[in-house]
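Here's the letter readout for the chains.
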Amino acid sequence: MNLELDDEQAALRDTVRRYLAEKASLATYVRPRLDDEVAGADQVWRGLAAMGVTGLLVPEIFDGAGMTMVEAGVVAEELGAALYPGPWLSTAVAATRALVRTDADKTAAGLLTGIAKGSTIATLGPLAGPRPTAIDGSTLRGTVTGLPDADDADVVLVFAAEGDGVGLYSVDTSSVGVAMTPCRHVDPTRMLADVELDDVSAQRLASATDQAIRAIVDDVVIAYAADALGAATTVMNLAIEYAKVRKQFDQPIGSFQAVQHLCVDMYEAVELARSGVLHALWAADAAEPAEHHLAALRAKAFAGQLTKVGDTAIQVFGGIGFTWEHDAHLYLKRLLGWSGFLGSSDRYLEEVGRGLQ
């Protein structure tokens, strides 16, 4: 694997970064969206689609770019750096990888094409815990809890229990029997909802083996890790720049050894995470299933360290970092949300440890 981006990947990074800075800044886009709780496709989403970003992982036969998780990670890191609150991870990664890894492309060609064009927003669940039940292969009953971007979605892809196996089903969110209850949680930039399916009509897309489900969940975890890396890198850089200009006793606070240690601790955590995330992104497409799974476990096990970056940054900012007007707390909440995603880091640390025995 290569730990350096090639020219095309660097160009992708720069293009997405520039676009988000111009069209989706925290002041002009993120904060207003949080306050208004706007759902659905918007101009920023359509712009991402026009750049081909929503179809990054969609095979070329369905009008996608047919790229790898490494390119998806490049985009995810930039979206995390900008605290983008839209459904990109749910649609462009989770839903797309579920359709591809379960070989549902033959039954979901229109869905994949819609994702690539940006005309369809989709989400996937549940990734853990109890699953809804499929009845006669065309009706779903049950609840998907804490489903990301459900309010935005046109389609929910559901892993549903059917006899001794699991099937992947597609549900139109406008269908009779679909009810959504928004979930309040630590990260305001992530929209979650409990989705109740009361004998809802659904289309069966494919069977989902245990191996395929595990690989899909690993892909999602890795993409979220890349997003968190972007958030941690940005808040660290903001804190370092602040330490250069904020003065106490007529000196920049960055000249004090205690503050320098805090900055070094943040840098160490971010760079260690970066190598793990890059390896995991590579492993998602190129490694054997066991290595892919272990790489995802490691990325999630390290989540708590990235959360500490946000916490440490606020220490550097001091009192101003606790105010609503400052962005540092939004980055910390994004990282806290990542740390709690699909369970705390402790469980993943234990699983990684068991693999070393």
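Whatever comes next refers back to the structure up there.
Heads up: these notes are all about the structure in this document. What you see is a predicted model; the values in this text were computed from it and never measured.

Attention shifts here to the pairing of strand 4 (residues 155-162). The buried fraction of strand 4 amounts to 6 of the 8 residues, a majority that puts the element mostly inside the structure. Where strand 1 (residues 122-125) and strand 4 come together, 4 bridges link them in parallel fashion. In the sheet register, Gly125 faces strand 4, and the bridge partner there is Val158. As judged from the 8 bridges shared by strand 4 and strand 5 (residues 165-172), these two strands associate in the antiparallel manner. Paired with Ala160 across the bridge in strand 5 is Gly167. Taking the residues between adjacent antiparallel strands as the criterion, strand 4 and strand 5 are bridged by 2 residues, where Gly163 takes a positive phi near 65°.

Turning to the packing of aromatic side chains, a few remarks are in order. Here the structure, examined in full by the defined rule, presents 3 aromatic pairs. Aromatic side chains Tyr29 and Tyr84 sit 6.4 Å apart centroid to centroid with 5° between the ring planes, which places their arrangement in the stacked category. Of this pair, Tyr29 sits in helix 2 (residues 26-36) while Tyr84 sits in the loop between helix 4 (69-81) and helix 5 (88-101), and the two are 55 residues apart along the sequence. We note that Tyr29, like Tyr84, is buried.

Moving on, we come to the packing of helix 7 (residues 210-245) against helix 10 (residues 303-317). For the pair helix 7 and helix 10, interaxial distance at closest approach is 9 Å and the crossing angle is 20°. The angle between helix 7 and helix 10 falls in the class roughly parallel. Once helix 7 is placed against helix 10, the crossing between them reads as left-handed. Taken together, the residues of helix 10 that come into contact with helix 7 (itself represented by Ala228, Leu229, Ala232, Val235, Met236, Leu238, Ala239, Tyr242 and Ala243) are Leu306, Val309, Gly310, Ala313, Val316 and Phe317. Its residues assigned to classes, the contact of helix 7 with helix 10 comprises 14 nonpolar, 1 polar and no charged.

Turning to the layout of surface pockets, a few remarks are in order. Approximately 580 Å³ is the volume found for the largest pocket. In terms of lining, the largest pocket is formed by 33 residues, of which the most central are Gly146, Pro148, Leu192, Phe341 and Leu342. Ranked by residues supplied to the lining of the largest pocket, first place goes to strand 3 (residues 139-148) with 6 residues.

Residue placement: Leu281 occurs in helix 8 (residues 257-286). Separated by 55 residues in the primary sequence, Leu281 and Ala226 place their C-alpha atoms 8.5 Å from one another. With sequence-adjacent residues up to four places away left out, Leu281 is seen in contact with Met69, Val70, Gly73 and Ile222.

Pairing between strand 2 (residues 133-135) and strand 3: 3 bridges, direction antiparallel. By the bridge assignment for strand 3, Ala134 is matched with Leu140. Remark: 3 residues form the turn of the hairpin made by strand 2 and strand 3, two consecutive strands paired antiparallel; Asp136 in that turn has positive phi of roughly 60°. Bridge count for strand 3 against strand 7 (residues 192-201) is 7 bridges, and the pairing is antiparallel.

The next thing to look at is empty space enclosed by the protein. The gaps of empty space that remain are located by a probe, the size of a water molecule, rolled over the atoms. Under the criterion given, the structure shown has 1 cavity of 30 Å³ or more. Volume-wise, the largest cavity comes out at about 50 Å³. Surrounding the largest cavity, Leu79, Tyr84, Gly86, Trp88, Leu89, Asp149, Arg190, Tyr224, Asp227 and Arg334 form its lining. Those elements that place two or more of their residues in the lining of the largest cavity are helix 5 and helix 7. Looking at the lining of the largest cavity residue by residue, the class counts come to 5 nonpolar, 1 polar and 4 charged.

The next subject is unusual backbone geometry. Residue Pro126 is reached from Gly125 by a cis peptide bond, and omega for that bond is -10°. Within the secondary structure, Pro126 is located in the loop between strand 1 and strand 2. Backbone geometry places Asp136, a non-glycine residue, at a positive phi of 60°. Looking at where Asp136 falls in the secondary structure, it is placed in the loop between strand 2 and strand 3. Residue Asp149 is not a glycine yet carries a positive backbone phi of 60°. Mapped onto the elements, Asp149 comes out in the loop between strand 3 and strand 4. Of the residues examined, Asp149 reaches a relative accessible area of 5% and is grouped as buried.

Definitions and cut-offs
- Residues numbered from 1 in each chain as written.
- Predicted model: local features only at pLDDT ≥ 70, side-chain atom pairs only at ≥ 80, totals over all residues.
- Heavy atoms only, no water.
- Buried < 20%, exposed > 50% of the residue type's maximum accessible area, 1.4 Å probe, protein only.
- Helix = DSSP H or I, 4+ residues; strand = E, 2+ residues; numbered from the N terminus.
- Pairing = 2+ DSSP bridges.
- Phe/Tyr/Trp six-rings, centres within 6.5 Å; stacked < 30°, edge-to-face > 60°.
- Axes fitted to C-alpha atoms, helices over the stretch in contact; angles between N-to-C directions.
- Parallel < 35°, antiparallel > 145°, perpendicular 65-115°, else oblique.
- Left-handed = near helix turned anticlockwise from the far one by under 90°.
- Contact = heavy atoms within 4.5 Å.
- Nonpolar A, V, L, I, M, F, W, Y, C, P; charged D, E, K, R; others polar.
- 1 Å grid on protein atoms, 1.4 Å probe; cavity = no way out; pocket = protein on both sides within 12 Å on 5 of 7 lines; lining within 4 Å.
- Points joined across faces, edges and corners; volume = space filled by probe spheres on them.

On their own, these measurements won't tell you what the molecule is for.
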